[in-house]
Structure formats: C-alpha cells, structure tokens
Amino acid sequence: MDDLEYTKEDLFTRAIMLEDSNSLTIYVEDQNKEYEYETIFKRMLDENDLKDKLQIIALGDKDQVKYKFQELKNLGKLGHEIFIVDGDFDRYIKKEEMIEHHNFIYLETYNIENYFIDENAVKIFFKGIEKKMDKEINSILKFSYWRETIVSQSTELFLTYCFVQKNKLGKNVKDAENNLDDKTGFLDIGKVKDYLAKISQENANMAVEVNEIKEKYIENNEDFFNLICGKFLLQSLFKYMRKKSSKISSKFKDLRWHLISNFDVSKLDYIKNIIIENSYNLN
C-alpha cells in the first residue's frame, strides 16, 4: 500500500490534534488527499493572505464529515470550520437528508475530480507530451469529441447506478471503471447493455424510477457531465489520450497532478466566497 491508511478512530484523533483556533479549518472526505485540496484552495485564494491560514483535514468519507459537523455544531464551534463533501447522487435520491447550513458544502458535481477535467489544462498536458503546435494538438486530441462521447455513452449507466444506490441493490459506481475499454477509453457497450438488462429484469420499477431521477437532474443541469463520477471520467480520458499518443504510458498520476495544478479554479468560486465569508474575525 503506497499511502498510509488510518482507521476512522485514528482520523478523528488526528483531526482533534490538528485543529487550530487561529486557522480556518476545512474538513474533506478524501484521505491522503489533503495536499491536493491545499493546492487547489491556495490557487483559488492566490491574492488573498487567507491562503496561509487554511488547514485541511480529511476524515475518510462523507459520513465522518457529517458526524464531525454535527459534533461541532452541538458544541457551538462552527465559527471558522467549513465542511466539503461530494455531491454524489444525494440531490436526486436523498435530498431530504442533505445538511442545509452555510458552513456545509455539497460539491455541485459528483466529486472534486469533475472540476479537474478542464479542456485547456488537458491540452497543455498533451502538448507537453507531444511537443506539437496548438493546431496539431487540437486535431489529434479532439477533446470535445471525447467529452461528448463518454457523457452520451455513460448517462444511462450512471442514472441506473443512481437507481441502484437509491434502492440499495449492491455495488455500483466503484465498478464503473471496469466498463471502460482500455484500448479506446470509451465504454464496452456490450458489457454495459448486459448489466442494464440484468438490473431491469430484476427490478420491474427501474424504468419509471430512472426517468424520475433523470427529470430531477435536468431541472438544473444542461448536460449529464456532473452526474457522472469524475474519477471514472478521468480514467476514461487517460485511456483515450493514451490511444492518441504512444508517448503516454504510465503517466496517469502525472495527468492528475497537472490538472489539479492548472484547471480553471474559478469553477469553484461558490466555495471561495464561503471560505472568505467564514474568515472574518480570524486572528
């Protein structure tokens, strides 16, 4: 195992040790990814001294972040604490369970990785690999084609995953990457059709509920990109890029880090505004 793993108890003990009343503390889910969030938030607050007062604490999963929020709320200690969790499917299958509080933020996307997939940042990475001019990079990469294709192919699958999660029918999103064709980065359509047919045969109400979920989603969204897990999309993009360039082999971590360091952070202005508002009266 490359990264040190903590138990839930260890994570809470570690959180207590790290808490600092002179910092603005941001609690997130992703264990061992604090350095990524620090990089993102410091880029976001580039011209603000607040960037040096941030403290990032990862608690492992959404339930633990929610528990910590409730604990501090009960103690009246929500002055300079912000809690950020993945959007997941919560808005479409359990909206009534979502926490409504200024300090508690659900990402507007499935997870943070959706924001990383920024066309300009992707092209810069690919240009560094291929060492070609922009016109050639655009012609080879065809980023818009990849995005439109994978979103179109994956929409029904992720609507079904949403249905599966709502009805607690077993494994779903974590298995999504198994449906990707390593050679193209797109879906193995036959495998997906078999999966959808199986779920449909076992659940007579699937079509109706999936349509209801779809209608809820499109009330506030123009396309289905944000419904789809960003981790899955990143894997799809990497496999697609690997097909486009023989120079890309085992550079997934390099791609991820490049995107974190270069995606358009203005997409997260809604979080930036809350961070700044919660920094008032910070010593």
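Our subject is the structure that appears above.
Keep in mind that this is a model prediction, so the values were computed, not measured.

Colleague: Hey, could you run me through the overall build of the protein in this one?
Modeller: For the protein, the count of helices and strands is 13 helices and four strands. Its C-alpha radius of gyration of 20 Å places the protein within 12% of the 19 Å reference for a compact globule of 283 residues. By principal-axis analysis of the C-alpha atoms, the protein measures approximately 55 × 55 × 40 Å. The proportion of buried residues among the 283 residues of the protein is 48%. Summarising the internal contacts of the protein: among those between residues at least 6 apart in sequence, 74% fall at separations of at least 24. Summed over its atoms, the accessible surface of the protein is roughly 15000 Å², and 46% of this surface lies on carbon and sulfur atoms. If the 43 positive side-chain charges of the protein are averaged to one point and the 52 negative ones to another, these points end up 5 Å apart.

Colleague: What should I look at first to understand the packing of aromatic side chains in this one?
Modeller: What describes a pair of aromatic rings is the distance from one ring centre to the other and the angle between the planes of the rings. In total, this model carries 18 aromatic pairs according to the counting rule given. For the ring pair Phe104 and Tyr106, a centre distance of 5.2 Å and an interplane angle of 55° mean the geometry is tilted. For the pair shown, Phe104 and Tyr106 are each scored as buried. With a centroid separation of 5.7 Å and 55° between ring planes, the pair formed by Tyr161 and Tyr195 is classed as tilted. Of this pair, Tyr161 sits in helix α8 (residues 143-166) while Tyr195 sits in helix α9 (residues 189-202), placing them 34 residues apart in sequence. We classify Tyr161 as buried; its relative accessible area is 3%. Judged by relative accessible area, which is 21%, Tyr195 ranks as partly exposed. Taken together through their ring pairs, the aromatic side chains of Tyr27, Phe69, Phe83, Phe104 and Tyr106 make up a single cluster. Taking the ring centre of Phe263 as reference, the NZ or CZ of Arg43 above it sits at 5.4 Å.

Colleague: What is the right way to look at the packing of α8 against helix α11 (residues 230-244) in this model?
Modeller: Two numbers describe a pair of packed helices, the interaxial angle and the distance between the axes. Their axes nearest at 11 Å, the elements α8 and α11 cross at an angle of 135°. What the angle tells us is that α8 and α11 run oblique. Relative to α11, the crossing made by α8 is right-handed. From α8, Phe143, Tyr145, Trp146, Ile150, Ser154 and Phe158 reach across to α11, where they touch Phe232, Leu233, Ser236, Leu237 and Tyr240. Here the contact of α8 with α11 is built from residues that sort into nine nonpolar, two polar and no charged.

The rules we used
Residues numbered from 1 in each chain as written. Predicted model: local features only at pLDDT ≥ 70, side-chain atom pairs only at ≥ 80, totals over all residues. Heavy atoms only, no water. Helix = DSSP H or I, 4+ residues; strand = E, 2+ residues; numbered from the N terminus. Rg over C-alpha atoms; globule rule 2.2 N^0.38 Å. Buried < 20%, exposed > 50% of the residue type's maximum accessible area, 1.4 Å probe, protein only. Contact = heavy atoms within 4.5 Å. Areas by Shrake-Rupley, 256 points an atom, 1.4 Å probe, with all protein chains shown as cover. Lys, Arg positive; Asp, Glu negative; His and termini not counted. Charge placed at Lys NZ, Arg CZ, Asp CG, Glu CD. Phe/Tyr/Trp six-rings, centres within 6.5 Å; stacked < 30°, edge-to-face > 60°. Lys NZ or Arg CZ within 6 Å of the ring centre and 35° of its normal. Axes fitted to C-alpha atoms, helices over the stretch in contact; angles between N-to-C directions. Parallel < 35°, antiparallel > 145°, perpendicular 65-115°, else oblique. Left-handed = near helix turned anticlockwise from the far one by under 90°. Nonpolar A, V, L, I, M, F, W, Y, C, P; charged D, E, K, R; others polar.

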